[in-house]
Amino acid sequence: MKEAEIRRLLAANLLCVFSVILTAVVPAFFWDGFTVLGTHLAWLCVCSVCVSTLNVILHLVLKPNPSPKRSSFAQKISRFLKCCIYFFMSCILFHAIIVLYGAPLIESVTETFLFAVLLSTFTTLQCLCVLGPNIQAWIRVFSKNGAMSIWESSLQITTMCSILGAWFGAFPIPLDWDRPWQVWPISCSLGATFGYVAGLIIAPLWIHWNRKQLTYKSR
């Protein structure tokens with residue numbers, strides 16, 4: 001395993017961490033009263049758009065999983081449309097799962113859907129950038145010992161950390177502390193964000209620490 005590839009992964013992940021931090025800081029200079037808690041829905045939109053944009057740019061620049069075959073323009077358009085459809089379906093699926101886990105069905109629909117978009121940005125979008133709209137590749141990566149590159153190992157870690165963060169973020173909601181961050185879905189979205197950031201930092205460090213044990217074989 002090349003150290004240069006790990007450094008590329010680390011640099012890309014740190015840029016993603018930096019982009020999340022900027023979404024909480026920069027809008028306040030242009031939007032009076034903007035705060036992550038006070039204008040949470042706006043922050044969800046800003047964070048989702050910024051993280052999505054940066055991930056797509058990094059994918060185009062770094063090409064973590066290049067295809068051996070050159071694609072025609074029509075194939076690229078078809079792939080892009082499939083990615084858009086998969087992302088939208090992921091948002092709907094996450095929305096349904098969140099409701100099944102206890103989120104309001106009719107009330108706070110906007111809040112729930114924007115939280116689902118944020119989760120899809122942290123998870124599904126990463127899969128689309130690294131693996132493309134290939135469900136079989138997704139199943140392979142998230143099966144035991146399924147990763148075939150450090151980018152796929154990083155994908156496993158960041159995805160799991162994001163979902164676990166969102167899950168742990170739900171624990172304070174029913175408590176009667178009457179804190180502003182207990183309003184739905186603030187604690188869950190913050191938990192997912194902290195989990196995503198933690199996964200971005202942990203992934204290259206874990207890969208570097210276990211680089212001698214990790215062996216990636218093409219299948």
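Structure: above.
Conventions used here
Residues numbered from 1 in each chain as written. Predicted model: local features only at pLDDT ≥ 70, side-chain atom pairs only at ≥ 80, totals over all residues. Heavy atoms only, no water. Helix = DSSP H or I, 4+ residues; strand = E, 2+ residues; numbered from the N terminus. Buried < 20%, exposed > 50% of the residue type's maximum accessible area, 1.4 Å probe, protein only. Contact = heavy atoms within 4.5 Å. Polar contact = N/O pair within 3.5 Å; in protein donor to acceptor, adjacent residues only side chain to side chain. 1 Å grid on protein atoms, 1.4 Å probe; cavity = no way out; pocket = protein on both sides within 12 Å on 5 of 7 lines; lining within 4 Å. Points joined across faces, edges and corners; volume = space filled by probe spheres on them. Nonpolar A, V, L, I, M, F, W, Y, C, P; charged D, E, K, R; others polar. Expected span 1.5 Å × (residues − 1). Phe/Tyr/Trp six-rings, centres within 6.5 Å; stacked < 30°, edge-to-face > 60°. Core = buried A, V, L, I, M, F, W, Y, C linked by side-chain atoms within 4.5 Å. Axes fitted to C-alpha atoms, helices over the stretch in contact; angles between N-to-C directions. Parallel < 35°, antiparallel > 145°, perpendicular 65-115°, else oblique.

A count of helices and strands for the protein gives nine helices and zero strands. Seen through its C-alpha atoms, the protein measures out along the principal axes to roughly 55 × 40 × 35 Å. Here the protein, with 219 residues, has 44% of them falling under the buried criterion. A fraction of 71% describes how many contacts in the protein between residues 6 or more apart in sequence connect residues 24 or more apart.

Note on placement: N55 falls in helix 3 (residues 40-62). A relative accessible area of 8% places N55 in the buried class. Within the structure, N55 has its side chain in polar contact with the backbone oxygen of V51 (distance 2.7 Å). N55 has contacts with C16, L125, Q126, C129 and Y196, leaving out every residue within four places of it along the chain.

A word on empty space enclosed by the protein. Tallied over the full model, the rule gives one cavity of 30 Å³ or more. Put simply, the largest cavity is a space of about 240 Å³. For the largest cavity, the lining is made up of 17 residues, of which N13, N55, Q126, V130 and W151 are closest to its centre. Among the secondary structure elements, those contributing two or more residues to the lining of the largest cavity are helix 1 (3-25), helix 3, helix 6 (124-131) and helix 8 (150-169). Residues belonging to the lining of the largest cavity are distributed by class as follows: 11 nonpolar, six polar and no charged.

Over its 28 residues, helix 4 (residues 73-100) runs 41 Å from end to end, which matches the ideal 40 Å to within 8%, given 1.5 Å per residue. Of the residues making up helix 4, those classed as buried are C83, S90, C91, F94, H95, I98 and V99. As for helix 4, its buried residues are in contact with helix 5 (109-122) and helix 6. Of the residues trailing helix 4, G102 is marked for its positive phi of about 120 degrees.

In this structure, the second largest pocket encloses a volume near 450 Å³. Forming the walls of the second largest pocket are 16 residues, and the residues nearest its centre are I98, Y101, F115, A166 and A170. Of all the secondary-structure elements, those providing two or more residues to the lining of the second largest pocket are helix 4, helix 5 and helix 8. Grouping the amino acids of the lining of the second largest pocket by side-chain chemistry returns 15 nonpolar, one polar and no charged.

Our next topic: the packing of aromatic side chains. In the structure shown here, the tally under the stated rule is seven aromatic pairs. Pairing W31 with F34 gives two aromatic rings, centres 5.6 Å apart and planes at 45 degrees, and the pair type is tilted. Among the aromatic residues, those joined into a ring-pair cluster are W167, F168 and F171.

This part takes up the nonpolar core. Residues W43, I98, F115, L119, F122, L131 and Y196 are the most contacted members of the largest nonpolar core, which totals 46 residues. The set of elements that each furnish at least two residues to this core consists of helix 1, helix 3, helix 4, helix 5, helix 6, helix 7 (135-141), helix 8 and helix 9 (186-209). For this core, the element with the highest residue contribution is helix 9, accounting for eight residues. Look past the residues within four positions of F122 in its chain and what remains in contact with it is C47, V51, S162, A192, T193 and Y196.

The relative placement of two packed helices is expressed as an angle between their axes plus a distance between the axes. Where helix 6 contacts helix 8, the axes come no closer than 10 Å and their chain directions differ by 170 degrees. Put simply, helix 6 runs roughly antiparallel to helix 8. Residues Q126, C127, V130 and L131 of helix 6 touch helix 8, and the partners they reach there are W151, E152 and L155. Its residues placed into classes, the contact of helix 6 with helix 8 shows five nonpolar, one polar and one charged.

In this section: the environment of N13. Mapped onto the secondary structure, N13 falls in helix 1. Relative accessible area serves as the criterion here: at 6%, N13 is assigned to the buried category. Put simply, N13 and S108 are 95 residues apart on the chain and 32 Å apart in space, counted from C-alpha to C-alpha. Side chain to side chain, N13 and S154 meet in a polar contact 3.4 Å long.

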